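# Structural characterization, general
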Amino acid sequence: MTFDAIDSFWWPYLFIFLAGMLPTEVWRWLGVAFAGRLRDDSEWILLARAVANALVAGVIARLILFPSGALMEVPVWIRLASVGIALVIYFGFGRNLFLGVFSGAGSLMLLVWTIIGL
Amino acid sequence: MTISQSEVADERLSAFIWYRRGMRHLLTTPAIVLYLSFIGFGGFARESGVEIDHALAMTGLIWALPSQVVLIGGVVSGAGLAAIALAVTLASIRLMPMVVALVPELRDKDTPNWQLYVLSHVTAITGWVFAMQNVPKLPRYARVPFFAGFGLTLCFINIGVTAIGYSIAGIVPPLAAAALFFMTPLYFLLTLPSAARLLSDRLALVFGIILGPIFAIYVPGSDLVWTGLVGGLSAYAIGRYKRRVT
């Protein structure tokens, strides 16, 4: 059963529900159900926090090193250099998130533009 | 981003006031970075040949960018429902430990379960980092309405942002699109350490950054599961050992 298997207005929505929403939502429901049985200071909560932090950090590393879409065209070293610049600006200006994020994205564009000349 | 002193007053304020205080954070850096990501998603959906109504439904119903990207990737490749559902399942396992960690921070003694289930839907990385950082500073009774004001509204706004991204796709030059995609991981990278209070949380971040790319090369597909298990378990074990010793 593919996305355009049934020619009707409702099928794509059912497909999005079954193939996209349900497989995502089930983990959230399990999370609430699981947390409901635990005390707030339970060791399991601390373990869940550690696993969640490792997973999110893994997602970040993957987004930077193995991106999809337009970012794939930017060389790895430019991506890493821009991360470095963002970190320096972020901590240099007293943990200013806005400056950090936009200086990183700005240096990415500037480096690609001056060195590769897109 | 930070919560001002006036927000931590002694008197008990109504839930609606806390809801609106949550909404006030919708023009902060994390929210803006997410809007830019959803501009990117709208463009990606259009380039992939997905209709605009379906792209908007994905944002509202799924509310997790990696899952949405996996779904569209599957649709484009002509994969079947079961295969795509399995891929999306694997891509969203991270949400379970995230919700398990967030619920104890959110709930008050008498918080009804249905509210936690509703809020779990708007728990994705941006909302999670925001909540883990800001919610512990608030009185218990204020946390659910505060996070609801931020999370539910953020999800709703981004349905509109997806439509904007869809409409302007093609106008955005590729280099600008690349910079848009780059902002999301950058924001997570800068902001996560301040949400990680415990030693085990901080170690888990470091392990995840290192292990993520290694597992992505050696066990592509299930790399995130391994990153979470190996990185998270060892960070927890070291944290527990340190707590016992000191």
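Residues numbered from 1 in each chain as written. Chains lettered and ligands numbered in written order. Predicted model: local features only at pLDDT ≥ 70, side-chain atom pairs only at ≥ 80, totals over all residues. Heavy atoms only, no water.

Going by what an unreviewed UniProt entry lists, chain A is known as Branched-chain amino acid transport protein (AzlD) and is assigned to Cohaesibacter gelatinilyticus.

This part covers the overall build of chain A. The secondary structure content of chain A amounts to four helices and zero strands. Secondary structure elements of chain A, listed N to C terminal, follow the sequence α-α-α-α. Whereas a compact globule of 118 residues would reach a radius of gyration of roughly 13 Å, chain A reaches 21 Å, over 25% beyond that. Taking the principal axes of its C-alpha atoms as reference, chain A extends roughly 50 × 50 × 20 Å. Sorting the 118 residues of chain A into buried and exposed places 47% on the buried side. Sequence separation of 24 or more characterises 26% of the internal contacts of chain A that already satisfy a separation of 6 or more. When the accessible surface of chain A is summed, it comes to about 6,000 Å², and 71% of that surface belongs to carbon and sulfur atoms. (Helix = DSSP H or I, 4+ residues; strand = E, 2+ residues; numbered from the N terminus. Rg over C-alpha atoms; globule rule 2.2 N^0.38 Å. Buried < 20%, exposed > 50% of the residue type's maximum accessible area, 1.4 Å probe, protein only. Contact = heavy atoms within 4.5 Å. Areas by Shrake-Rupley, 256 points an atom, 1.4 Å probe, with all protein chains shown as cover.)

To continue, consider the packing of aromatic side chains. Residues and elements named next belong to chain B. Scanning the model with the defined rule gives 11 aromatic pairs over all chains in all. Centre to centre, the rings of tryptophan 18 and tyrosine 141 are 6.2 Å apart; their planes meet at 85 degrees, and the pair counts as edge-to-face. You can see tryptophan 18 sitting in helix α1 (residues 15-23) and its partner tyrosine 141 sitting in helix α9 (residues 140-168), a full 123 residues away along the chain. What makes tyrosine 141 buried here is its relative accessible area of 18%. (Phe/Tyr/Trp six-rings, centres within 6.5 Å; stacked < 30°, edge-to-face > 60°.)

Below, the discussion takes up the pattern of salt bridges. Per the stated rule, a full pass over the model turns up seven salt bridges over all chains. Ionic pairing is found between Glu43(A) and Arg243(B), a salt bridge with its closest N-O pair at 3.0 Å. In this pair, Glu43(A) is assigned in helix α2 (residues 43-65) and Arg243(B) in helix α12 (residues 223-245), connecting two distinct chains. One salt bridge connects Asp223(B) with Arg62(A), and the closest N-O pair in it is separated by 2.9 Å. In this pair, Asp223(B) is assigned in helix α12 and Arg62(A) in helix α2, connecting two distinct chains. Judged by relative accessible area, Arg62(A) falls into the partly exposed class, the value being 31%. The structure contains a network of salt bridges with shared partners spanning Arg49(A), Glu105(B), Arg197(B) and Asp201(B). (Salt bridge = Lys/Arg side-chain N within 4 Å of Asp/Glu carboxyl O.)

On to the layout of surface pockets, then. In this structure, the largest pocket spans a volume of roughly 830 Å³. Around the largest pocket sit 37 residues that line it, and Val59(A), Leu63(A), Leu65(B), Pro66(B) and Val69(B) are the ones nearest its centre. Mapped by element, the contributors of at least two residues to the lining of the largest pocket are α2 of chain A together with α2 (29-47), α4 (65-77), α5 (81-91), α8 (125-134), α10 (174-195) and α12 of chain B. Residue contributions to the lining of the largest pocket peak at six residues, all from α2(B). Counted by class, the lining of the largest pocket contains 27 nonpolar, seven polar and three charged residues. (1 Å grid on protein atoms, 1.4 Å probe; cavity = no way out; pocket = protein on both sides within 12 Å on 5 of 7 lines; lining within 4 Å. Points joined across faces, edges and corners; volume = space filled by probe spheres on them. Nonpolar A, V, L, I, M, F, W, Y, C, P; charged D, E, K, R; others polar.)

Before going further, it helps to examine the interface of chain A and chain B. If you look at the interface, chain A gives 73 residues, while chain B gives 92 residues. Area buried by chain A at its contact with chain B is led by Trp27(A), Arg28(A) and Arg49(A), which between them contribute 11% of it. Among the salt bridges present, the one from Arg49(A) reaches Asp201(B), with a minimum N-O distance of 2.6 Å. Between the two partners, chain A and chain B, sit 19 residue pairs in polar contact (both at pLDDT 80 or more). Contributing elements (two or more residues each) for the side of chain A that touches chain B: α1 (10-36), α2, α3 (76-92) and α4 (97-116) of chain A. In the side of chain A that touches chain B, the residues fall into 53 nonpolar, 11 polar and nine charged. (Buried area = accessible area lost by both parts, 1.4 Å probe. Polar contact = N/O pair within 3.5 Å; in protein donor to acceptor, adjacent residues only side chain to side chain.)

As a further point, take the UniProt feature "transmembrane region" (unreviewed entry) in chain A. Residue and element names in this part refer to chain A. Sites flagged by UniProt as "transmembrane region" (unreviewed entry) map to residues 12-32, 44-64, 76-93 and 98-116. For residues 76-93, the end-to-end C-alpha separation is 26 Å, with 94% helix and 0% strand making up the annotated structure. For residues 98-116, the helix share is 100%, the strand share is 0%, and the end-to-end C-alpha distance is 27 Å. (UniProt positions renumbered as here; feature names shortened; annotations may be inferred.)

Residue and element names in this part refer to chain B. If you walk through the whole model with that rule in mind, you get one cavity of 30 Å³ or more. Approximately 40 Å³ is the volume found for the largest cavity. Forming the boundary of the largest cavity are Val99, Leu102, Val103, Leu106, Leu116, Leu119, Ser120, Thr123 and Phe147. Contributions of two or more residues to the lining of the largest cavity are made by α6 (95-106) and α7 (113-121). Among the elements that take part in the lining of the largest cavity, α6 stands out by supplying four residues, more than any other.

Domain assignment breaks chain A into domain 1 (8-37) and domain 2 (40-116). Of note, the centres of domain 1 of chain A and domain 2 of chain A, computed from C-alpha atoms alone, are 29 Å apart. (Domains from an automatic or database assignment.)

Bringing the environment of Ala64(B) into the picture now. For Ala64(B), the position within the fold is in the loop between α3 (52-62) and α4. Given the relative accessible area of 1%, Ala64(B) is considered buried. Residues Ala64(B) and Leu95(B), spaced 31 residues apart in sequence, show a C-alpha to C-alpha distance of 9.2 Å. Not counting residues within four places of it along the chain, the set of residues in contact with Ala64(B) comprises Thr24(A), Arg28(A) and Arg94(B).

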